[in-house]
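Single-letter residue listing:
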Amino acid sequence: MHLPTYSTLISAQDLFTHISDERWVILDCRHDLMDTNAGSQAYAAGHIPQAQFVHLDQSLSAPKVSADGVFRGRHPLPDKQQFIQTLRRLGISNDTQVIAYDAHGGMFAARLWWMLRWVGHAAVAVLDGGLPAWNALSFPVTTDVPPARSGDLKEQASLVAQVDVAAVFANISSAEFTLVDARAADRYRGENETIDPVGGHIPGALNRFFKDNLEADGRFKTADQLHVEWSALLTQPEKTIMQCGSGVTACHNLLALEVAGLKGAALYPGSWSEWCSDSSRPVAR
């Protein structure tokens, strides 16, 4: 029997029916930007059975400063081959269905979703509603750490697009692409900035807070609703660049676009944290 491939979202009910499927890998992506040990502590206190923990800073990001001494943002993408090695150590092969979850509406799980697509792996989905949706159905949690696994994932053609800081800078003049900032409105306006050293946004960027993709219960809005809301903001997804503070929550907007059937937008991984690190780059408020 050919099982369906989940490539955007999966419900807690559907995940539960596959919880013991050996071809599935479940990854816990919980994190706190202000307390980087919070995710691993939450995992140790209880997680979905069979889930392995992945740390945003250690597994899904490169060092903030490159080998040549340039600050690349708070969560630069890791070397692609190193990332593939990480995925293999998690038991992922080309025929593996990967499920990513967190407890934050997909805020961090969407980053892993995007990165798997970055290396060409389409069978990856985010648990809709995350751990709260799982718990709401009284499904089991455990403190057991699953045994080590190994996979043989091979890189395939990337399913996503990305741009660098030079392209974003050039776009200020050309306005060829629509830039969308996923941060909260106050940070976009340059108010209440507590994470990055400079407040404001990239000139020309529009604002779509990633949490606006969600219902009150933390699940994603319907595909139709997301299509209506996003279509009011942009007309050509393939001419759109998503960014945020450090290239994490921008992936949530990219996932919402994928759910809505609006494909082709690119990620600017360095995002505001990279942009504002050079005082020669303009800032809007």
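Please refer to the structure placed before this passage.
Everything numeric here is computed off the predicted structure, so don't read it as measured data.

### A word on the environment of K263
Assignment of secondary structure puts K263 in the loop between α10 (250-259) and β10 (266-267). For K263, a relative accessible area of 48% corresponds to the partly exposed category. Distance from K263 to V160, taken between C-alpha atoms, is 9.3 Å for residues 103 residues apart in sequence. If near-sequence neighbours (up to four positions away) are discounted, K263 is found in contact with P237, E238, L257 and E258. Among the polar contacts made by the side chain of K263, one reaches the side chain of E258 at a distance of 2.8 Å.

### Thoughts on the packing of aromatic side chains
The full count for this structure, using the stated rule, is 9 aromatic pairs. Plain terms: the ring middles of F83 and W118 are 6.1 Å apart, the flat faces sit at 35° to each other, and that makes the pair tilted. Remark: W118 occurs in helix α5 (residues 109-118) and F83 occurs in helix α4 (residues 80-89); sequence separation between them is 35 residues. By the burial criterion, F83 is buried, and W118 matches it. Relative to F210, the ring of F209 has its centre 5.2 Å away and its plane inclined at 80°; by these criteria the two rings are edge-to-face. Overall, the relative accessible area of 24% leaves F209 in the partly exposed class. Overall, the relative accessible area of 4% leaves F210 in the buried class. One aromatic cluster in this structure is built from F16, W134 and F139. For K239, the ring lying beneath its charged end belongs to F177, and the centroid distance is 5.2 Å. Stacked on the ring of W275, the Lys or Arg R281 has its end atom at 5.9 Å from the ring centre.

### Digging into the pattern of salt bridges
Counted under the stated rule, the structure contains 15 salt bridges. Residues D196 and R74 are paired through a salt bridge, measuring 2.7 Å at the closest nitrogen-oxygen approach. Note that D196 is positioned in the loop between α8 (185-188) and β8 (206-207) and R74 in the loop between α3 (56-59) and α4, a separation of 122 residues in sequence. By the burial criterion, D196 is buried, and R74 matches it. The partner of E176 in a salt bridge is K239, with the nearest N and O atoms 2.6 Å apart. Within this pair, whereas E176 is found in the loop between α7 (165-174) and β7 (178-181), its partner K239 is found in the loop between α9 (223-231) and β9 (240-243), the two being separated by 63 residues in sequence. Looking at E176, the relative accessible area reads 44%, which means it is partly exposed. Looking at K239, the relative accessible area reads 28%, which means it is partly exposed. Shared partners join several salt bridges into a network, and the residues in it are R74, D181, R183, R187, E193 and D196.

Cut-offs used in this document
- Residues numbered from 1 in each chain as written.
- Predicted model: local features only at pLDDT ≥ 70, side-chain atom pairs only at ≥ 80, totals over all residues.
- Heavy atoms only, no water.
- Helix = DSSP H or I, 4+ residues; strand = E, 2+ residues; numbered from the N terminus.
- Buried < 20%, exposed > 50% of the residue type's maximum accessible area, 1.4 Å probe, protein only.
- Contact = heavy atoms within 4.5 Å.
- Polar contact = N/O pair within 3.5 Å; in protein donor to acceptor, adjacent residues only side chain to side chain.
- Phe/Tyr/Trp six-rings, centres within 6.5 Å; stacked < 30°, edge-to-face > 60°.
- Lys NZ or Arg CZ within 6 Å of the ring centre and 35° of its normal.
- Salt bridge = Lys/Arg side-chain N within 4 Å of Asp/Glu carboxyl O.

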